[in-house]
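Understanding the architecture of this molecule
Listed below, chain by chain, are the residues.
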Amino acid sequence: MNELENSITNVEEMKEVADILLKTGTMLMSAGANTGRVRTTVHRMADAFGYSIDLHISQRSIWLTMLNEHGASIFTIVRVTPSHIINFRTISGISKMSWSLVEERWTINQITDELKRLEQLPRFPRWLVLTLVGLAGAGFCSLADGTPIELAFTFVASFLGLYVRQEALKGGFNPYVSVYFSAFTASLIAGSASKLGLSDSQNHAYVTSVLFLIPGVPLINSFSDILDGNVQNGVTRGFVGFLISFSIALGILTSALIYQF
Amino acid sequence: MSWILIILYKSIWGGLAALGFAALFNVPVRSFFHIFLFGGIGVFIKFTLLHFNFNIALSSLAGAVAIGFLSIPAAHYKHTPPLIFYIPAVIPMIPGILAYRMILGLITLTGNPKSATYGATLSETINYGLKVVFILISLSVGVVIPMLLLRKESVKDIKVPFTRK
């Protein structure tokens, strides 16, 4: 009887651990970590708890199987990944947490509290993000040999472009459609520089105003996933990156049609 | 010597571009300065090599590898994973103008194939497209090359000289 009770509490604890592991994994995945990082972190945490696990990680969900000492499965659970919103502060926090678990022997409750804290961390204030992204747009224009006037136009274009994207996402538009709106707005504003005679025939401002939208995280993660052997996720991410680029191209071509560039 | 001043000026803007993406990706505040620095260094290396007539993909690769290597000690020093430094820092090197010209070329190619300029547009578009593809591969592979060479699962296992424990 005692043995049976033991095994029941054991399974209960296992479920609790599995739940935390999956929570960590899905948070990492949606924050923009590459698949290798999710796998390493979750395995590191499972080892620290003294369990062996198997993982299947995809773009939209993570599957976890708890194994007994003979490597046979005890149970499998699935958790859906929340929508992907890049947040490097979460990645950094979870990385630190996983090492605290290994080195300082954190308890399940401590981990739960830390995950909750990380989820509630504020993002940067909106005006700061908009300003820095505007400066980034000006930076891209400068890298393409833009003049100071063109830089100013790109700053405004990127600033308002990102504003439109944020508003579109808030309004519940599809992410790709939001990128299209954003690229269209930005290139429409920056393109006016050439129409006003403030830009030469090269249209630097017009072309570089949409570069703040480039899908850097999906594209770079795509390659690191493929190099790691997570080919399926790598291809998925690569295709997402391609679709975002395509939306940017559509946006910029729409304003080209209006301006007759 | 004026070319180096122009490149330095561009590097500062490159660093600012990296910083914009850092804000977009919500990085920890303590990594801001390093991202600015690495973004600038990547752009500096790329444009310096371009000045000496190196291939554009090769120049981008050199910049990306440098960023990848610098991210490892920075990760130790700031206690944050290296990808938080290298992803925003390589983005300023993404070839936006070339990509735009490629797409414009592709759109033009949907037009009349018997027009006089069709052949020239075709070869230009292929040229731009190949450059874009090779630069993108160079950038994304370049930043992970250091980790591949050092053959460790986590930066914590890499011994970095001159950092505090």
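Residues numbered from 1 in each chain as written. Chains lettered and ligands numbered in written order. Predicted model: local features only at pLDDT ≥ 70, side-chain atom pairs only at ≥ 80, totals over all residues. Heavy atoms only, no water.

**Description of the layout of surface pockets**
Residues and elements named next belong to chain A. The line we're drawing: Cavities and pockets are found on a 1 Å grid laid over the protein atoms alone: a cavity is a set of points where a 1.4 Å probe fits but cannot escape, a pocket is an open set with protein on both sides within 12 Å along at least five of seven lines, and a lining residue has an atom within 4 Å of such a point. Grid points are joined across faces, edges and corners, and a volume is the space filled by probe spheres set on the points. Residues are sorted three ways: Asp, Glu, Lys and Arg are charged, Ala, Val, Leu, Ile, Met, Phe, Trp, Tyr, Cys and Pro are nonpolar, and all the rest, Gly among them, are polar. An automatic or database domain assignment provides the domain bounds reported here.
Taken as a whole, the largest pocket spans an internal volume of roughly 1,300 Å³. If you trace the largest pocket, you find 38 residues lining it, with His84, Ile85, Ile86, Arg165 and Leu169 closest to the centre. The residue inventory of the lining of the largest pocket, partitioned by class, reads 23 nonpolar, 9 polar and 6 charged. Mapped onto the domain boundaries, the lining of the largest pocket takes at least three residues apiece from domain 1 (2-120) and domain 2 (126-259).

**Brief notes about helix H3 (residues 88-104) of chain A**
Residues and elements named next belong to chain A. Note the following rule: For the purposes of this entry, the term helix denotes a DSSP run of H or I that reaches at least four residues, the term strand denotes a run of E that reaches at least two, and both are numbered from the N terminus. Helix span, as expected, comes to 1.5 Å for every residue beyond the first. Summary of the burial criterion: residues with accessible area below 20% of their type's maximum are buried, those above 50% are exposed, and those between are partly exposed, where the area comes from a 1.4 Å probe applied to protein chains only. By the criterion applied in these results, polar contacts are pairs of N or O atoms within 3.5 Å in which, for protein atoms, one can donate a hydrogen and the other can accept it, and in which residues neighboring in sequence qualify only through two side-chain atoms.
Look at H3: 24 Å from first C-alpha to last across 17 residues, which is about the 24 Å you get at 1.5 Å a residue. Across the 17 residues of H3, 13 count as buried, placing the element largely inside the fold. The N-capping residue of H3, defined by a side-chain oxygen 3.2 Å from the backbone nitrogen of Arg89, is Asn87. Just beyond H3, the residue with positive phi is Arg105, at close to 55°.

**Some points on the domain arrangement of chain A**
Residues and elements named next belong to chain A. Quick note on the threshold: Pairs of residues are marked as contacts when any of their non-hydrogen atoms sit within 4.5 Å. Summed over both partners, buried area is the accessible surface (1.4 Å probe) that two parts give up on being assembled. Any carboxyl oxygen of Asp or Glu that lies within 4 Å of a side-chain nitrogen of Lys or Arg is treated as forming a salt bridge with it.
Along its sequence, chain A is carved into domain 1 (2-120) and domain 2 (126-259). Relative to domain 2, the C-alpha centre of domain 1 lies at a distance of 35 Å. Counting residues at the interface gives 12 residues for domain 1 and 10 residues for domain 2. Taken together, the two surfaces of domain 1 and domain 2 that pack against each other cover about 830 Å², and 42% of this comes from carbon and sulfur. Broken down residue by residue, the surface that domain 1 buries against domain 2 is led by Asn34, Thr35 and Gln59, which jointly contribute 51%. At the boundary of domain 1 and domain 2, one finds 0 salt bridges. Counting every contact that joins domain 1 to domain 2 gives 7 residue pairs in polar contact (both at pLDDT 80 or more). Residues that form the side of domain 1 that touches domain 2 fall into these classes: 5 nonpolar, 6 polar and 1 charged.

**Focus: the environment of Leu169 of chain A**
With respect to the secondary-structure elements, Leu169 of chain A resides in helix H6 (residues 148-170). Along the chain, Leu169 of chain A and Val179 of chain A lie 10 residues apart, while their C-alpha atoms are 9.1 Å from each other.

**A short note on the pairing of strand E2 (residues 61-67) of chain A**
Residues and elements named next belong to chain A. Definition in use: By this definition, two strands are paired if DSSP reports at least two bridges between them.
For E2, the buried fraction is high: 6 of the 7 residues fall into the buried class. In this sheet, E2 lies alongside strand E1 (residues 52-57) in antiparallel orientation, the contact comprising 6 bridges. From the neighbouring strand, His56 faces E2, where its bridge partner is Trp63. Adjacent in sequence and paired antiparallel, E1 and E2 are bridged by 3 residues. Here E2 pairs with strand E3 (residues 73-80) via 7 bridges, running antiparallel. Note on E3: the bridge partner recorded for Ile62 is Arg79. Here E2 hands over to E3 after 5 residues, with Gly71 in that stretch at a positive phi of 85°.

**A look at the interface of chain A and chain B**
With 50 residues of chain A at the interface, the matching set in chain B holds 51 residues. For the pairing of chain A and chain B, the buried interface totals around 4,200 Å² over both sides, and the portion due to carbon and sulfur atoms is 76%. When the buried surface of chain A facing chain B is broken down by residue, Phe88, Leu143 and Ile220 of chain A rank first, second and third, together holding 17% of it. Taken together, the links from chain A to chain B amount to 1 salt bridge. Between Asp145 of chain A and Lys10 of chain B there is a salt bridge whose closest N-O contact spans 2.7 Å. For the pair chain A and chain B, the number of links is 8 residue pairs in polar contact (both at pLDDT 80 or more). Those elements giving two or more residues to the side of chain A that touches chain B turn out to be helix H2 (35-49), H3, helix H5 (126-143), H6, helix H8 (204-208), helix H9 (216-228) and helix H10 (231-259) of chain A.

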